[in-house]
Amino acid sequence: MVKLGQSSFRRILLSRILLLSVPVLLVGEYVTYRKARSTLLETARQNLTESAVRKAETIEQWAKSLRSNLIGASESSILQSVEPKDYQKFIAQLGQRLPTQVDCVQLTNLQTNQVIASTCGPLPILSKSPPANFWPQQQQQQALLDDKSVYISLSWPDMQQGKTKDKNPLSSTAKFSDSSKEGQEGKESQVSLVLSAPVYTRRGNSRQLSYALSLQSSLPVQTSAPKGSLAGYTVAIDQDGTILAHPNIDRVGRNIDQEADADRLKSLLKRAIAGGQAFLHLFSFEKNGVELLAGYAAIPSPLTKKENSKWIILAVSRLDYALSGLEEIQQVLFILIVSLIGASIIATLYLSRDLARPLEKLRDYALKVDTEAPQAVPQNLKIREFNQLADALNSMVGRLKSWADELEVATKEAKVANQLKDEFLRNISHELRTPLNGIIGFLQIVRDGYCDDREEEMDFLQRAHDSAMQLLNIINDILDIAKIEAGSFSLMFEVIDMTEVLEDAIELQAILIKEKGLKLHLPLPSPPITVYADPEKLKQVFLNVLSNAVKFTEFGSITISINIESNKIKIPERLNGNLGENTTSLSEDPESVVVTIKDTGIGIDPEQQQKLFQPFVMVDGSTTRKFGGNGLGLAISRKIMESMRGSITIHSAGINQGATVVISLPVIQPSNAAVDNPDLLKENVMFKGFD
């Protein structure tokens, strides 16, 4: 059942992929947009800087061309030889022949300051006369004019009423014509250069200064920059900060101190005068506050030969014009991002379906595993990992079923063990109370003086002593089994004669055998049989087996035999409780001593024989059974024999057919009985508890 707040795998997968892919696509689009903008901006900066350099070179070459053409025209022999009445014709022809765009050519009589020939009307274009003695009054015949002979001045745009502008371009009384608007080209909207050169006429052997040949030409500037153009419009500023050329005629003649971006413009002037060629962002150079991008370069001022006199030429373009190509990129990116998002959604839908279907099949399989008719695990899921998951799930289900079966068996065994434990507790309580009650009763009789004589008193004390020893044996068995379970049970190995240990055990049980009237058949005397074992623990094993034989045999006999048998195996040495890496056998064909103890007692049911070596297990588990015991002796004996590399087994044909116990240990051959290494004579070995 679907719970509130939960979602399907498909929906989660779809949402997660979209949440991951869409931001990545948007970030990619933004990064691409920023990269394209940076590239376009860098391209615009470089182009504007190069454009400013080209514009500066054009203006510089324009000024040089005007100067050289003027010098050539002023030294023309035709001008010096024709009659004054023909000057107008010559000037008109000269204006047509000049290669550089010239707005006006005039010839002025220096004596009368009158224009005697002009291509632009009678008004003089030379608003400011050259300084006195700028040109020498006489010149030798062979002397030629040079650039220093050319006087250059600026001609500002005409004022409203056709008058020339005030000689001080920064005068607060100067007013510009309203007819000159932004983008208007020609001499009426931009500053013009007026160049004048002397004209000498022949007077004997010398030439006399008579006229001044002047020409006027507007700055060759670009007054507009269309959208997408990276050349920019031209702005010219002199070293004093006066604007010489600007698309807006109202700006011409102003100083940059009056501009909002005065600080940035001053910084630009300093860097340009220092020889820099770069770009600058302007934010308030236009009235509407549009951000501008300007490249700049400097040229020597045509007005003077001073070294630090410069004109700064700017190539200016609006930033949005320079980045006009970004609009197309934005459209392309928008279409691309929409397409990618759509493709991502479609791909995610298919991906979520292909991933969800195998999981849904595995889910259905897992839900029906515990039903009466479970389905087979899905196969051929087209995705290798899902096939591996299906195999793992199938293997896990198999293991779970196996574990369930094992758990069921273990549960049954636990119930049986719990039952055995309860029987053991009931039995052990009986076994403990019986000798305790005897001890208490015998001691009370002696203490209260109910004994007739000293002999009877000693008899009661002996019985109390026997009960105490019985109680001590029970406690020792319990302690031994506890040590075995804890893994702290230890053995002291020695090279011993096993026949002596067996004789000691038989001697301790001889009285009980005689009291019950049983016959004891012993083996014939034999040479010493040396084994590597713990003598005390080995004696304990013999005593456990002999006491069981005596206890469960009411009549008949007990037969003990000793045989030597070949094992046909190699027995490794044990040093310090561990098997050595380089193990060697005590004999290439080792032998084992086999002690067989056979009785004619009550026998054992064959189905119960293997259980006798488990702790707390007894064939008769009731507290009222006839023979007594605690069910620990054989379990302890088996662990002791296994720790000494021996074995103990029990066999009985059935009830009332007696039992046979076989005990075996490896024999040390006489040639190896004398061991020089003391570690082989005595060795303390710890072993783990029951598996």
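Fair warning: this is a prediction, and the values are worked out from it, not measured in the lab.

What counts and how
- Residues numbered from 1 in each chain as written.
- Predicted model: local features only at pLDDT ≥ 70, side-chain atom pairs only at ≥ 80, totals over all residues.
- Heavy atoms only, no water.
- Buried < 20%, exposed > 50% of the residue type's maximum accessible area, 1.4 Å probe, protein only.
- Helix = DSSP H or I, 4+ residues; strand = E, 2+ residues; numbered from the N terminus.
- Pairing = 2+ DSSP bridges.
- Phe/Tyr/Trp six-rings, centres within 6.5 Å; stacked < 30°, edge-to-face > 60°.
- Axes fitted to C-alpha atoms, helices over the stretch in contact; angles between N-to-C directions.
- Contact = heavy atoms within 4.5 Å.
- Disulfide = S-S within 2.5 Å.
- Patch = residues over 30% accessible without salt bridge, like charges linked within 9 Å, V, L, I, M, F, W, Y side chains within 5 Å.
- Areas by Shrake-Rupley, 256 points an atom, 1.4 Å probe, with all protein chains shown as cover.
- Salt bridge = Lys/Arg side-chain N within 4 Å of Asp/Glu carboxyl O.
- Lys, Arg positive; Asp, Glu negative; His and termini not counted.
- Charge placed at Lys NZ, Arg CZ, Asp CG, Glu CD.
- Parallel < 35°, antiparallel > 145°, perpendicular 65-115°, else oblique.
- Left-handed = near helix turned anticlockwise from the far one by under 90°.
- Nonpolar A, V, L, I, M, F, W, Y, C, P; charged D, E, K, R; others polar.

*Asks:* Could you clarify how one ought to interpret helix H11 (residues 633-643) in this entry?
*Replies:* Helical geometry note: an α-helix holds 3.6 residues per turn, so side chains three or four residues apart project in the same direction. H11 sits mainly inside the fold: nine of its 11 residues count as buried. Looking at H11, one finds that the buried residues are Gly633, Leu634, Ala635, Ile636, Ser637, Lys639, Ile640, Met641 and Ser643. The first or second residue beyond H11 is Arg645, which carries a positive phi of 65°.

*Asks:* Honestly, the pairing of strand E14 (residues 530-533) in this entry has me stumped. Any pointers?
*Replies:* If a strand is regular, its side chains alternate between the two faces of the sheet. On E14, burial covers both faces: Thr530 and Tyr532 on one face and Val531 and Ala533 on the other are all buried. Both strand E12 (residues 489-497) and E14 contribute to a ladder of four bridges, which runs antiparallel. Directly across from Val495, in E14, lies its bridge partner Tyr532.

*Asks:* Can you walk me through the packing of aromatic side chains in this structure?
*Replies:* The description of an aromatic ring pair uses the distance of the two centres, along with the angle that the planes make with each other. In total, this model carries five aromatic pairs according to the counting rule given. Pairing Tyr87 with Tyr211 gives two aromatic rings, centres 5.3 Å apart and planes at 80°, and the pair type is edge-to-face. Pair noted here: Tyr87 is in helix H3 (residues 87-97) and Tyr211 is in strand E6 (residues 206-218), with a separation of 124 residues, a long-range link. Pair check on accessibility: Tyr87 and Tyr211 agree, each one buried. Where Phe442 meets Phe460, the ring centres are 5.8 Å apart and the plane angle is 20°; that geometry is what we call stacked. In this pair, Phe442 sits in helix H7 (residues 384-448) while Phe460 sits in helix H8 (residues 454-486), placing the two residues 18 residues apart along the sequence.

*Asks:* In this structure, what is going on with the sheet that holds strand E9 (residues 278-282)? I would like to understand it.
*Replies:* As a general point, the strands of a sheet are linked pairwise by backbone hydrogen bonds and lie either parallel or antiparallel. In space, the five strands of this open sheet follow the order E8-E7-E11-E10-E9, with antiparallel pairing throughout. Only two strands of the sheet have a single partner each, and these edge strands are strand E8 (243-245) and E9. With strand direction ignored, the average angle separating the axes of adjacent strands in the sheet is 35°. The pairing of strand E7 (residues 233-238) with E8 spans two bridges and is classified as antiparallel.

*Asks:* Would you explain the side chain of Ser637 in this entry?
*Replies:* With respect to the helices and strands, Ser637 occurs in helix H11. Dropping the residues within four chain positions of it, Ser637 is found in contact with Val541, Asn544 and Ile648.

*Asks:* Got a minute to help me understand the state of the cysteines in this structure?
*Replies:* Every disulfide links exactly two cysteines, by a covalent bond between their sulfur atoms. Within the structure shown, the criterion is met by one disulfide. Each sulfur in the disulfide pair Cys104 and Cys120 lies 1.6 Å from the other. Negative torsions about the S-S bond denote left-handed disulfides, and the value of about -60° found for Cys104 with Cys120 makes this one left-handed. Of this pair, Cys104 sits in strand E1 (residues 104-109) while Cys120 sits in the loop between strand E2 (114-118) and strand E3 (138-140); the two residues are 16 residues apart in sequence, bridging distant segments of the chain. Note on Cys104: relative accessible area 0%, which makes it buried. Cys120 gets classed as partly exposed once you look at its relative accessible area, which sits at 28%.

*Asks:* I'm lost on a negative patch on the surface in this one. Help?
*Replies:* A cluster of like negative charges, contributed by Glu500, Glu503, Asp504, Glu507 and Glu536, occupies part of the molecular surface. Sorting elements by how many residues they give to the negative patch places helix H9 (residues 498-516) first, with four residues. Examined against the element boundaries, Glu507 turns out to sit in helix H9.

*Asks:* Can you help me understand the environment of Leu126 in this one?
*Replies:* As for its placement among the helices and strands, Leu126 is situated in the loop between E2 and E3. Separated by 88 residues in sequence, Leu126 and Ser214 place their C-alpha atoms 7.3 Å apart.

*Asks:* For this particular structure, what's the right way to read the packing of H9 against helix H10 (residues 535-551)?
*Replies:* With their axes 9 Å apart at the nearest point, H9 and H10 run at an angle of 25° to one another. With respect to H10, the element H9 is oriented roughly parallel. The chirality of how H9 crosses H10 is right-handed. Here H9 contributes Met498, Val501, Leu502, Asp504, Ala505, Ile506, Leu508, Gln509, Leu512, Ile513 and Lys516 to the contact with H10, which in turn contributes Pro535, Leu538, Lys539, Phe542, Leu543, Leu546, Ser547, Val550 and Lys551. Here the residues of the contact of H9 with H10 sort into 14 nonpolar, two polar and four charged.

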